[in-house]
Amino acid sequence: EDQVTQSPEALRLQEGESSSLNCSYTVSGLRGLFWYRQDPGKGPEFLFTLYSAGEEKEKERLKATLTKKESFLHITAPKPEDSATYLCAVIGNYQLIWGAGTKLIIKP
Amino acid sequence: SAVISQKPSRDICQRGTSLTIQCQVDSQVTMMFWYRQQPGQSLTLIATANQGSEATYESGFVIDKFPISRPNLTFSTLTVSNMSPEDSSIYLCSAGGYNEQFFGPGTRLTVL
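Calculation rules
Residues numbered from 1 in each chain as written. Chains lettered and ligands numbered in written order. Predicted model: local features only at pLDDT ≥ 70, side-chain atom pairs only at ≥ 80, totals over all residues. Heavy atoms only, no water. Helix = DSSP H or I, 4+ residues; strand = E, 2+ residues; numbered from the N terminus. Buried < 20%, exposed > 50% of the residue type's maximum accessible area, 1.4 Å probe, protein only. Contact = heavy atoms within 4.5 Å. Disulfide = S-S within 2.5 Å. Pairing = 2+ DSSP bridges. Axes fitted to C-alpha atoms, helices over the stretch in contact; angles between N-to-C directions. Salt bridge = Lys/Arg side-chain N within 4 Å of Asp/Glu carboxyl O. Core = buried A, V, L, I, M, F, W, Y, C linked by side-chain atoms within 4.5 Å. Lys, Arg positive; Asp, Glu negative; His and termini not counted. Polar contact = N/O pair within 3.5 Å; in protein donor to acceptor, adjacent residues only side chain to side chain.

A. View of the environment of Val25 of chain B. All names here are of chain B. Along the polypeptide, Val25 turns up in strand 3 (residues 19–25). Take Val25: its relative accessible area is 3%, and that puts it in the buried class. Separated by 11 residues in the primary sequence, Val25 and Arg36 have C-alpha atoms spaced 19 Å apart. For Val25, the residues in contact, after removing those within four places along its chain, are Ala2, Val3, Ile4, Met32, Thr74 and Ala95.

B. Spotlight on the state of the cysteines. Residues and elements named next belong to chain A. Under the criterion given, the structure shown has two disulfides over all chains. Here Cys23 engages in a disulfide with Cys88; their sulfurs sit 1.9 Å apart. Residues Cys23 and Cys88 share a disulfide whose torsion about the S-S bond is about -60 degrees; that sign makes it left-handed. Remark: Cys88 occurs in strand 9 (residues 84–91) and Cys23 occurs in strand 3 (residues 19–26); sequence separation between them is 65 residues.

C. Structural context of the sheet that holds strand 7 (residues 62–66) of chain A. All names here are of chain A. Across the sheet, which stays open at both edges, the five strands sit in the order 1-3-8-7-6 with antiparallel pairing between neighbours. In the strand order of this sheet, the two ends are held by strand 1 (3–7) and strand 6 (56–59), each with one partner. If you compare each strand with its neighbour and ignore which way they point, the axes differ by 15 degrees on average.

D. Seen up close, the pattern of salt bridges. All names here are of chain A. Under the criterion given, the structure shown has five salt bridges over all chains. A salt bridge links Asp39 to Arg37, with the shortest nitrogen-to-oxygen separation between them at 3.1 Å. Taking the relative accessible area as the measure of exposure, Arg37 reaches 15% and is therefore buried. As a salt-bridge pair, Glu56 and Lys63 come within 3.3 Å of each other at their nearest N and O atoms. Taking the relative accessible area as the measure of exposure, Glu56 reaches 48% and is therefore partly exposed. Residue Lys63 is classed as partly exposed on the basis of its relative accessible area of 27%.

E. How the structure looks around the nonpolar core. Membership of the largest hydrophobic core comes to 26 residues, with the highest contact counts inside it found for Trp34, Ile46, Phe66, Ile68, Tyr91 and Leu109 of chain B. Elements that contribute at least two residues to this core include exactly strand 3, strand 4 (31–37), strand 5 (43–50), strand 8 (75–80), strand 9 (89–97) and strand 11 (107–111) of chain B. For this core, the element with the most residues is strand 3 of chain B, which contributes four residues. In contact with Ile46 of chain B, other than residues within four places in its own chain, are Trp34, Tyr35, Arg36, Thr56, Tyr57, Glu58, Phe61, Phe66, Leu78 and Tyr91 of chain B. In this structure, Leu13, Val27, Tyr86 and Ile106 of chain A belong to the second largest nonpolar core, which totals 24 residues.

F. Up close: the sheet that holds strand 3 of chain B. Residues and elements named next belong to chain B. Here four strands make up an open sheet; going across it, the order is 1-3-8-7 and the pairing antiparallel. Strands with a single pairing partner mark the edges of an open sheet, and in this sheet they are strand 1 (4–7) and strand 7 (68–72). Between one strand axis and the next, the sheet turns by 20 degrees as a mean value, whatever way the strands run. In terms of strand pairing, strand 7 meets strand 8 through three bridges, oriented antiparallel.

G. Seen up close, the side chain of Arg70 of chain B. Residues and elements named next belong to chain B. For Arg70, the position within the fold is in strand 7. In this structure, Arg70 is buried with no salt-bridge partner, the nearest side chain bearing the opposite charge being Asp26 at 11 Å. Within the local environment of Arg70, its side chain forms a polar contact with the backbone oxygen of Val29, the two atoms lying 2.6 Å apart. A distance of 2.9 Å separates a polar side-chain atom of Arg70 from the backbone oxygen of Ala49. Setting aside chain neighbours within four positions, we find Arg70 in contact with Val29, Thr30, Met31, Met32, Ala49, Asn50, Gln51, Gly52, Phe75 and Ser76.

H. Just the pairing of strand 9 of chain B, in detail. Residues and elements named next belong to chain B. The element strand 9 is largely enclosed, with a buried count of eight among its nine residues. Pairing of strand 4 with strand 9, which is carried by six bridges, proceeds in the antiparallel orientation. In the strand pairing of strand 9, Phe33 is matched with Ser94. Inspection of the sheet shows strand 9 paired to strand 10 (residues 100–103) by four bridges, in the antiparallel sense. In the sheet register, Gly96 faces strand 10, and the bridge partner there is Gln101. Remark: two residues form the turn of the hairpin made by strand 9 and strand 10, two consecutive strands paired antiparallel.

Purely geometric stuff here, so don't read any function into it on its own.
If you want it as structure tokens, here you go:
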């Protein structure tokens, strides 16, 4: 059965403290893995698409990487405005599946 | 990119009634999607709506309960029919392709 698991559920960091969020997946025929950011009361905002193992994408303080089993979203020297829920989704042969998200809180 | 608007932003409804949610895109798009999201939880895809064809529903969702219209390339509606308290949720529409979706702000529905 295809599934996506994100960890941790919540992560509290001090401003400037770098860390990583994990998205583990099991899917038949991976066609893409996506990262989104969601602020409270808003719809998700697209960040990255990764298609194959070894691929990396960067945007400001965020860097997404992909292996055959998981993806990491690395956040370097985060700021309070990076606080949000980060969602991972994968699409395989059959369907688009979303993870439950990691709630990231950056304290000043 | 695309800007998505939804109406209403929130509503409180009585059980047994129906609510239609509107989704407007500022540019023409082929694919639109409807999702449900419980507060603090992940997104669940209800259906995919392509202009000119019937909507494709995911397992667990049926057309009689969630009829969808897609009259043109910039607009879609989702109706939640014969509502029960279990239908209380946030309903989101999105547009684009599977590799990049643009989301509306959501409709927060409470069913009493």
